Amino acid sequence: SYDPAVQEHLRAAIAQASQGETVRFEARIHPRTDLYLDILLTITSHRDANQQVEYLICAGQDITERKHAEDELRTLVEAIPQFVWIAGPDGSLTYHNQRLIDYLAMTHEQAEGAGWLTGVHPDERPRVWQAWQTSIQTGEPYEVEHRMRDGTSGAYRWFLARGVPQRDAQGTILHWVGTCTDIHDKKQAEDELRVLADAIPQLVWIMSSDGASIYGNQRWSDYTGMTFQQYQGDGWLQAIHPDDYQPTLTLWRQALATGEPFEIEYRVKDGQTGVYRWFLARAMPVRDE
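In this text, all values refer to a predicted model and were calculated from it rather than measured experimentally.

**Comments concerning the sheet that holds strand β1 (residues 23–32)**
Then, in step 1: Reading across from one edge, β1-β2-β3 is the order of the 3 strands in this open sheet, with antiparallel pairing throughout. Unpaired on one side and paired on the other, β1 and β3 (53–62) mark the two borders of the sheet. Averaged over all neighbouring strand pairs, the angle between strand axes comes to 35°, with direction disregarded.
Then, in step 2: Where β1 lies against strand β2 (residues 35–47), 8 bridges are found, and the strand directions are antiparallel. What sits directly across from Phe 25, in β2, is Leu 41.
Then, in step 3: Those strands touched by helix α1 (residues 4–17) are β1, β2 and β3, and its axis lies near 140° from that of β1.

**Structural notes on the packing of aromatic side chains**
Then, in step 1: All chains considered together, the criterion is met by 15 aromatic pairs.
Then, in step 2: Each ring, one from Trp 132 and one from Trp 176, has its centre 5.4 Å from the other, and the planes form 75°; the classification is edge-to-face. Separated by 44 residues along the polypeptide, Trp 132 in helix α5 (residues 125–138) and Trp 176 in strand β8 (residues 173–182) bring together distant segments of the chain.
Then, in step 3: The exposure class assigned to Trp 176 is buried, which follows from its relative accessible area of 0%.
Then, in step 4: Seen from their ring centres, Trp 205 and Trp 236 are 6.4 Å apart, and the 10° between their planes marks the pair as stacked. Taken together, the residues Trp 205 in strand β9 (residues 205–207) and Trp 236 in the loop between α8 (228–231) and α9 (242–258) connect sequence positions 31 residues apart.
Then, in step 5: Classification of Trp 236 as buried rests on a relative accessible area of 5%.
Then, in step 6: Linked through ring pairs, Trp 85, Trp 132, Tyr 142 and Trp 176 together constitute an aromatic cluster.

Definitions and cut-offs
Residues numbered from 1 in each chain as written. Predicted model: local features only at pLDDT ≥ 70, side-chain atom pairs only at ≥ 80, totals over all residues. Heavy atoms only, no water. Pairing = 2+ DSSP bridges. Helix = DSSP H or I, 4+ residues; strand = E, 2+ residues; numbered from the N terminus. Axes fitted to C-alpha atoms, helices over the stretch in contact; angles between N-to-C directions. Contact = heavy atoms within 4.5 Å. Phe/Tyr/Trp six-rings, centres within 6.5 Å; stacked < 30°, edge-to-face > 60°. Buried < 20%, exposed > 50% of the residue type's maximum accessible area, 1.4 Å probe, protein only.

Purely geometric numbers; function is a separate question.
Laid out in structure tokens, this is it:
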């Protein structure tokens, strides 16, 4: 080896293997003037009849092409605008691209393991940690919105964090690969929209593309007395008069299937008095490009 650090690493590995341990490490060697190779070294011990270490076996596997591919991938990762991270099967983060490190103003060592969590807004840490642990335990993709602190200015911005497991042929998780995408401007626009929605006299609601309720303005909550947990999904139908329930559901499913505007007159219960009042409900689909 041309590198004193690699030579020292090899000496330490030989000493460790001499105690009967199996040692693996990567090193770059320089076998001739025009050639560099990356190898994965494995050192094992052979014991005699008395179980004493008799000699060491050192095997080197050429991983040069793999290291080149990793370098090219790392260059690509550093070029994209998202924050990129990699975690082991146990959820401990082992890699962050430079954009993430620069934003958090941490060293790689500080961000590894669970150190990155200190950059998450204190109000969201329990929720984020729980979501991450659930994904680790179930193997399901990880997705959560949270704020992260700019390590330089101290300001918090909203990010969408996503992670997916990478598995081997047997389905065992090898590692997790994830991104954090800045959605701060989108969240601010949503907040402004909610302020506007709360200011108008109508009851305003938003449904996802599959028909589940995902938002009701404050006037809707005040009138029906329903919390978000109660009206989300199909829960909002519980506020509809029993006689109007089935016609409303039928027409709503038809609108979902066809993409046509939804319009119906139905009675909605006042959550405080229990009295039903007539409303004209209208909904329009919001489409992408």
